Amino acid sequence: MADGSIIPEALSQMLVLLSPSPPGWGGNLLRGLMHSLQIALGAFGMGLIIGTLGAYGKLYGSPLVRDLAGIYTTIVRAVPELVLILLLYYAGTDLINRILEASGYQRIDISGLVAGIVVLGFVQGAYATEVLRGAIKAIPQGEVEAARAYGMSPTLMMRRITLPSMLPYALPGLANLWLIATKDTALLAVVGFSELTLETRQAAGTTKAYFLFFMAAGLLYLLITLFSNVIVGRIEKWARRGMPSVREAR
Amino acid sequence: MMGSDAVSINPLQPQTAEQAEAIHVWNLHKRFGALEVLKGVSLTARDGDVVALIGGSGSGKSTFLRCINFLENPTSGVIRINGEDIEMVSDGAGGQYPANRRQIERIRSRLGMVFQNFNLWQHMTLLQNVIEVPVHVLGMKRDAAIAIGEQLLERVGLSAKRDVYPAYLSGGQQQRGAIARALAIQPRVMLFDEPTSALDPELVGEVLKVIADLAKEGRTMLLVTHEMKFAREVASHVMYLHNGIVEEEGPPEELFGSPKSERLKQFIRTVS
Ligand SMILES: Nc1ncnc2c1ncn2[C@@H]1O[C@H](COP(=O)(O)OP(=O)(O)O)[C@@H](O)[C@H]1O
Ligand SMILES: [Mg+2]
């Protein structure tokens, strides 16, 4: 009887702490999650754009373009991400404001969201460049040649042939990058951006319910991954529509 | 030898002075670094001509065909397609490249190329492959392109496969699909580069039949092939290439019936 009453009481305490409205901290966690997802989506999208340009630059660019792309991917992949984030965040915002002041404008407050997207997107772009470059190289050359032989312009060929053909080869790598993006948002806690990890630390620190809140955050990260896997699986099925499955091909 | 005109013997297309030149190549040279692959090849194909290119492996047949639609940039020489001279500019390193990318794209979209390895786009169904160029390069309405595409697939015996992806088709079916893709652009000239060389022997016949039908209806074609019997039947003119030079050329019965050069005699013996 005594035991029976303790468990429900502990449970109801947890539920109060996790409830979405004060005094619960669930709302803060969910807000942090939304911020994390926004940054991850933005950074991943920006990484895709940089990666596409980088991959084309590395494969088909002039020697100068190739060198620049090479320097970019090498440096970004060599320096620890935390260092890059601190560097880009503080140095980057400082640089922009100096430029603004020098040209006679007011200093601006760069929103943490935008800064976070740009900083992480810059990092993602380097990895995406390598993923996409490898995928483009994996396209059967005959298909590219057929596109040229039928008079496709370079942009039409990219849109209609190259990008759709390389997608099956790029997807596993891109899916990895997406998951890394969702977790790298936690690094932005160091610059004080209130994403999921920082919100969790605050909730845990205030209530001293460390285990509860970090478990809850871990669960949210896990849910992102599980949900992403379902989506990626569908996209992959679609992208591989012209390819017999590995099992069939055996 | 050089520049002698191909003469049509196709009964459906009686040779008249009016037959316009579809392709005119004069003194074409191509080198890859130190290796000179084409050493002055000339050819004229008029509407309705079927020119067969034969020769040993490495003699430059594919390179010649690929120069005609500028998949390779010829080192020197004149190429005129549809009566249009292709302007070239020097690259300053002994080579040249087309001055106007748009002109090349326009000309390519009137030359239907069929490759040894089919090269269908794997992420598109057969019908999507066939309508891709008409819709996205030539600007045809999608409905009209589909109507034509369906007719062409019917013609090559692939109506039932219109929504199938190339990887699920046999080599012979893929090549017939690739021929439908080439026909869909209403090409002035069709270019075939060993269209049956990658096929299992039992699938060669179905593809050759389609090509023979095209020849019968008066299509202008340039055909690289190792099928000597077939070349003899469908070609109006045969060119034998050896080491980048046209060693001998003429009507098929002459070339195969009474070859003059010792090399050609030997070549015919080894391949047949
Ligand atoms: N892109 C290339 N770079 C260097 N050499 C090439 C290239 N393409 C073809 N060659 C060479 O040119 C010669 C002729 O090749 P090809 O035209 O393919 O001959 P064929 O089609 O008659 O067998 C061969 O020696 C081949 O190795
Ligand atoms: Mg060849």
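These lines cover the structure that appears in this document, whether it is placed above or below. Every chain is numbered independently, its residues counted from 1 as its sequence is written. Chains carry letters and ligands carry numbers; both start at the beginning, A for chains and 1 for ligands, and go up in the order they are written. In view of the model being predicted, local features appear only for residues whose pLDDT reaches at least 70, and side-chain atom pairs are presented and counted only at 80 or more, with totals across whole chains, interfaces and linings using the full set of residues. The side-chain quantities take in all heavy atoms of the structure and omit both hydrogens and water.

### Considering the site of ligand 1
Residue and element names in this part refer to chain B.
Moving on, step 1. Residues are counted as near a molecule or strand when any one of their heavy atoms sits within 4 Å of it. Surrounding ligand 1, one finds Phe-32, Leu-35, Val-37, Gly-56, Ser-57, Gly-58, Ser-59, Gly-60, Lys-61, Ser-62 and Thr-63.
Moving on, step 2. At 2.7 Å, a backbone N or O of Gly-58 approaches an oxygen atom of ligand 1.
Moving on, step 3. Surface exposure here means Shrake-Rupley accessible area, sampled with a 1.4 Å probe, where a residue is shielded only by the protein chains that are shown. When ligand 1 is considered free in solution it has 560 Å² of accessible area, and contact with the protein chains removes 59% of it.
Moving on, step 4. A run of H or I in DSSP counts as a helix once it spans at least four residues, and a run of E counts as a strand once it spans at least two, with each numbered from the N terminus. Where the shell around ligand 1 is concerned, the elements lending two or more residues are β2 (35-46) and α1 (61-68).
Moving on, step 5. Residue contributions to the shell around ligand 1 peak at three residues, all from α1.
Moving on, step 6. Looking at the shell around ligand 1, its residues break down into three nonpolar, seven polar and one charged. Under the rule applied, a polar contact is a pair of N or O atoms within 3.5 Å (in protein, one hydrogen donor and one hydrogen acceptor; residues adjacent in sequence only if both atoms are side-chain atoms). Residues are grouped as follows: nonpolar covers Ala, Val, Leu, Ile, Met, Phe, Trp, Tyr, Cys and Pro; charged covers Asp, Glu, Lys and Arg; every other residue, Gly included, is treated as polar.

### What about the nonpolar core?
Moving on, step 1. For this analysis, a nonpolar core means a set of buried residues of the types Ala, Val, Leu, Ile, Met, Phe, Trp, Tyr and Cys, connected via side-chain atoms within 4.5 Å. Here's how the labels work: a residue is buried when its accessible area is under 20% of the maximum for its type, exposed when over 50%, partly exposed in between, all with a 1.4 Å probe on protein chains only. Core analysis: the largest hydrophobic core is formed by 110 residues, its most contacted members being Ile179(B) and Leu222(B).
Moving on, step 2. The element best represented in this core is helix α7 (residues 154-184) of chain A, accounting for 10 residues.
Moving on, step 3. Pairs of residues are marked as contacts when any of their non-hydrogen atoms sit within 4.5 Å. If near-sequence neighbours (up to four positions away) are discounted, Ile179(B) is found in contact with Val114(B), Met190(B), Phe192(B), Val207(B), Val210(B), Ile211(B) and Leu214(B).
Moving on, step 4. Counting residues in hydrophobic clusters, the runner-up holds 14 residues, among them Trp25(A), Ala203(A), Leu220(A) and Ile224(A).

### What to know about a nonpolar patch on the surface
All names here are of chain A.
Moving on, step 1. Two distance rules govern patches: like charges are joined within 9 Å, and nonpolar side chains (Val, Leu, Ile, Met, Phe, Trp, Tyr) within 5 Å, applied only to residues with over 30% relative accessible area and no salt bridge. Salt bridges, as used here, are contacts in which a Lys or Arg side-chain nitrogen is within 4 Å of a carboxyl oxygen on Asp or Glu. Where nonpolar side chains cluster on the molecular surface, the patch consists of Phe-227, Val-230, Ile-231, Ile-235 and Trp-238 and spans about 510 Å² of accessible area.
Moving on, step 2. One can find Val-230 in helix α9 (residues 210-239).
Moving on, step 3. The class of Val-230 is partly exposed, set by a relative accessible area of 48%.

### So, the packing of helix α8 (residues 196-207) of chain A against α9(A)
Geometry of a packed helix pair, given as the angle between the helix axes and the separation of the axes.
Residue and element names in this part refer to chain A.
Moving on, step 1. Following both chains from N to C, one finds α8 and α9 inclined at 160 degrees, their axes separated by 8 Å at the closest point. Between α8 and α9, the angle is such that the two are roughly antiparallel. In this structure, α8 meets α9 at a crossing whose hand is right-handed. Along the contact surface, α8 presents Leu-196, Thr-197, Thr-200, Arg-201, Ala-203, Ala-204, Gly-205 and Thr-207, while α9 presents Tyr-210, Phe-213, Phe-214, Ala-217, Leu-220 and Tyr-221.
Moving on, step 2. Counted by class, the contact of α8 with α9 contains nine nonpolar, four polar and one charged residues. Between N-to-C directions, angles cover 0 to 180 degrees, with each direction set by a line fitted to C-alpha atoms, over the stretch in contact for helices. Here the word oblique covers every angle except those under 35 degrees (roughly parallel), over 145 (roughly antiparallel) and from 65 to 115 (roughly perpendicular). Take the far helix as your reference; a near helix turned counterclockwise from it by less than a right angle gives a left-handed crossing, and one turned clockwise gives a right-handed crossing.

### Considerations on the packing of aromatic side chains
Residue and element names in this part refer to chain A.
Moving on, step 1. Each pair of aromatic rings taken from Phe, Tyr and Trp, with Trp reduced to its six-membered ring, is defined by centres within 6.5 Å and is described as stacked if the planes are under 30 degrees apart, edge-to-face if over 60, and tilted in the remaining cases. Counted under the stated rule, the structure contains five aromatic pairs over all chains.
Moving on, step 2. Seen from their ring centres, Tyr-72 and Phe-122 are 5.0 Å apart, and the 65 degrees between their planes marks the pair as edge-to-face. With Tyr-72 in helix α3 (residues 63-78) and Phe-122 in helix α5 (residues 112-138), this pair connects stretches of sequence that are 50 residues apart.
Moving on, step 3. Residue classification places Phe-122 among the partly exposed positions, given a relative accessible area of 31%.
Moving on, step 4. For the pair Tyr-89 and Tyr-90, a centre-to-centre distance of 5.3 Å together with 90 degrees between the ring planes defines the contact as edge-to-face.

### Comments concerning the sheet that holds β2(B)
Residue and element names in this part refer to chain B.
Moving on, step 1. The strand order across the open sheet built from four strands is β2-β1-β4-β5, with neighbouring strands paired in antiparallel fashion. Every other strand in the sheet has two partners, leaving β2 and β5 (84-85) as the edge strands with one partner each.
Moving on, step 2. As defined by bridge partners, strand β4 (residues 76-81) adjoins β5 across two bridges and the pair is classed as antiparallel. Bridge pairing in β5 places Ile-81 opposite Glu-84. Strand pairing is defined by DSSP finding a minimum of two bridges between the two strands.

### Details of unusual backbone geometry
Moving on, step 1. Look at Lys208(A): it is not a glycine, yet its phi comes out positive at around 65 degrees.
Moving on, step 2. One can find Lys208(A) in the loop between α8 and α9.
Moving on, step 3. Not every positive phi belongs to a glycine, and Asn243(B) is a case in point at roughly 50 degrees.
Moving on, step 4. Position of Asn243(B) relative to the elements: it lies in the loop between β11 (237-242) and β12 (245-250).

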